[in-house]
Amino acid sequence: MTGFEFKFFMEFGWIVLQIFAVIIPLLISVAYLTLAERRVIGSMQLRKGPNVVGPFGLLQPFADALKLLSKETILPAGADKVTFIIAPMLTFVLALVAWAVIPFGKSLVIADINVGILYLFAISSLGVYGVIMAGWASNSKYAFLGALRSAAQMVSYEVSMGLVIINVLLCVGSLNLSDIIEAQKTVWFALPLFPMFIIFFISTLAETNRAPFDLPEGESELVAGYFVEYSSMSFALFFLGEYANMILMSAMTTILFLGGWLPPFDIYPLNVIPGPIWFIFKISLVLFVFLWMRATTPRYRYDQLMRLGWKIFLPFSLLWVVLTAGFLISFDMLPDALGHELQ
């Protein structure tokens, strides 16, 4: 083996090790997020939730996974079988590949690319394809209606999410996620951009089809929506993809508005806690609000959902972009990169 080949295999092995170091904890987190959701909602409804399988119910996710693995995968007679199988795989894979650019701490990132925020936005936009493929390939009117609902919902709220992100980028002057976090050393963007923080979080609820925006899965009218014909591990992949997307959106909220791995104050003993611990703690808080919303809010009607996205969030976030840009220019506070471009 030549020196070049040895170096190639070493670098390749290191990248694979990094990927597994992210994916395996992520999958375990997804499994226990399902347990946390059932326990949190149970507590809010004054009941216990899962508490039988293992101590405190800690083995319940593994029991659920074993049950799904043992089920038969049913392919509907009229379905497009290839597309039907590919759709959940696509949804699950897209939920994982986005984590390549997420920085867990200073220099703790698989790919520290300069356009990390654009990469995340592109991956989240592709998620709609898995939903549409599932709804169409199932050859079921309920699944197809659920897929159309989900596609319209995801596209609608991505517009306002994009404008919210522009506000953050104007303040930072960089598309690099690590730079966005470093720019929040003095103050987290959740304070000066508080309305955008709220709009972004609500948009992530709609983007992940979570309550009160879970119209694509409306059990009362669509019997579960676009994955109504799925069973066994194909259903489990949709399930895993949805919860992985919840964690991803919580990570994006943390990076853009809550200072990423930075402590709330640069004082002892807060500043000696490792950055990844802060990052995981903040993601957990945002995820708790995801679960809180599901336990306490009723489902929107579809016309209310569309009106909120197009008639309230879109014009308001667009107005805030103008206000942010005007404020930064008026007080000569534009980041160096943007200042040079304007000059």
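Scroll up for the structure.
What comes next concerns the included structure.

**As for the overall build of the chain**
When its secondary structure is counted, the chain shows 12 helices and zero strands. Each helix and strand of the chain, placed in order from N terminus to C terminus, yields the pattern α-α-α-α-α-α-α-α-α-α-α-α. Here the chain has a C-alpha radius of gyration of 21 Å; the compact-globule value for 343 residues is 20 Å, and the two agree. For the chain, the C-alpha atoms occupy an extent of roughly 65 × 60 × 45 Å along the three principal directions. Per-residue burial for the chain yields a buried fraction of 45% across its 343 residues. Of the contacts formed within the chain by residues at least 6 apart in sequence, a portion of 77% connects residues at least 24 apart. Put simply, the chain shows about 17600 Å² of open surface, and 72% of that area lies on carbon and sulfur atoms. Looking at the chain, you have 19 positive and 22 negative side-chain charges, and the mean spots of the two groups are 12 Å apart.

**A few points about the packing of helix H7 (residues 194-207) against helix H11 (residues 302-330)**
With their axes 11 Å apart at the nearest point, H7 and H11 run at an angle of 145 degrees to one another. As H7 packs across H11, the resulting crossing turns out to be left-handed. Each of Pro195, Met196, Ile199, Ile202 and Ser203 in H7 lies in contact with H11, whose residues at this interface are Leu308, Phe313, Phe316, Ser317 and Trp320. Split into classes, the residues belonging to the contact of H7 with H11 amount to eight nonpolar, two polar and no charged.

**Section: helix H1 (residues 3-44)**
The first and last C-alpha atoms of H1 sit 61 Å apart over 42 residues, in line with the 62 Å expected at 1.5 Å per residue. Burial in H1 covers these residues: Val22, Leu26, Val30, Leu33, Thr34, Leu35, Glu37, Val40, Ile41 and Gly42. One or two residues past the end of H1 sits Leu46, with phi positive at roughly 60 degrees.

**Things to note about a nonpolar patch on the surface**
A contiguous nonpolar surface patch, about 490 Å² in accessible area, is contributed by Phe4, Phe8, Phe9 and Phe12. Note that Phe4 resides in helix H1.

**Quick notes on the packing of aromatic side chains**
The description of an aromatic ring pair uses the distance of the two centres, along with the angle that the planes make with each other. Under the defined criterion, the tally for this structure stands at 18 aromatic pairs. Aromatic pair Tyr230 and Phe238: ring centres 5.0 Å apart, planes at 80 degrees, arrangement edge-to-face. Of the two residues, Tyr230 and Phe238, neither departs from the other in class, the shared state being buried. Residues Phe239 and Tyr243 carry aromatic rings whose centres are separated by 4.9 Å and whose planes lie at 50 degrees to one another, so their mutual orientation is tilted.

**Some words on the environment of Phe56**
Inspection of the secondary structure puts Phe56 in the loop between H1 and helix H2 (60-70). Apart from residues no more than four positions distant in its own chain, Phe56 is found in contact with Arg39, Pro50 and Asn51.

**Description of unusual backbone geometry**
Each neighbour pair has its own omega, and for Ala211 with Pro212 the value is 5 degrees, a cis peptide bond. Assignment of secondary structure puts Pro212 in the loop between H7 and helix H8 (219-222). Cis geometry marks the peptide bond from Tyr268 to Pro269; its omega dihedral reads 5 degrees. Locating Pro269 in the fold gives a position in the loop between helix H9 (232-257) and helix H10 (275-296). We note that Ser107 has phi near 70 degrees; this positive angle belongs to a residue other than glycine.

**A few points about the pattern of salt bridges**
With the rule as written, the count across this model stands at eight salt bridges. Measuring nitrogen to oxygen at the nearest pair gives 2.9 Å for the salt bridge that ties Arg38 to Asp64. Of this pair, Arg38 sits in helix H1 while Asp64 is found in helix H2, placing the two residues 26 residues apart along the sequence. Given a relative accessible area of 23%, Asp64 falls into the partly exposed group. A salt bridge links Glu182 to Lys106, with the shortest nitrogen-to-oxygen separation between them at 2.9 Å. Here the residue Glu182 occupies a position in helix H6 (residues 177-182), and Lys106 occupies one in the loop between helix H3 (81-97) and helix H4 (116-137), the gap between them amounting to 76 residues. Among the charged side chains, a network of salt bridges with common partners joins Glu37, Arg210, Glu242 and Arg294.

About the criteria used
Residues numbered from 1 in each chain as written. Predicted model: local features only at pLDDT ≥ 70, side-chain atom pairs only at ≥ 80, totals over all residues. Heavy atoms only, no water. Helix = DSSP H or I, 4+ residues; strand = E, 2+ residues; numbered from the N terminus. Rg over C-alpha atoms; globule rule 2.2 N^0.38 Å. Buried < 20%, exposed > 50% of the residue type's maximum accessible area, 1.4 Å probe, protein only. Contact = heavy atoms within 4.5 Å. Areas by Shrake-Rupley, 256 points an atom, 1.4 Å probe, with all protein chains shown as cover. Lys, Arg positive; Asp, Glu negative; His and termini not counted. Charge placed at Lys NZ, Arg CZ, Asp CG, Glu CD. Axes fitted to C-alpha atoms, helices over the stretch in contact; angles between N-to-C directions. Left-handed = near helix turned anticlockwise from the far one by under 90°. Nonpolar A, V, L, I, M, F, W, Y, C, P; charged D, E, K, R; others polar. Expected span 1.5 Å × (residues − 1). Patch = residues over 30% accessible without salt bridge, like charges linked within 9 Å, V, L, I, M, F, W, Y side chains within 5 Å. Salt bridge = Lys/Arg side-chain N within 4 Å of Asp/Glu carboxyl O. Phe/Tyr/Trp six-rings, centres within 6.5 Å; stacked < 30°, edge-to-face > 60°.

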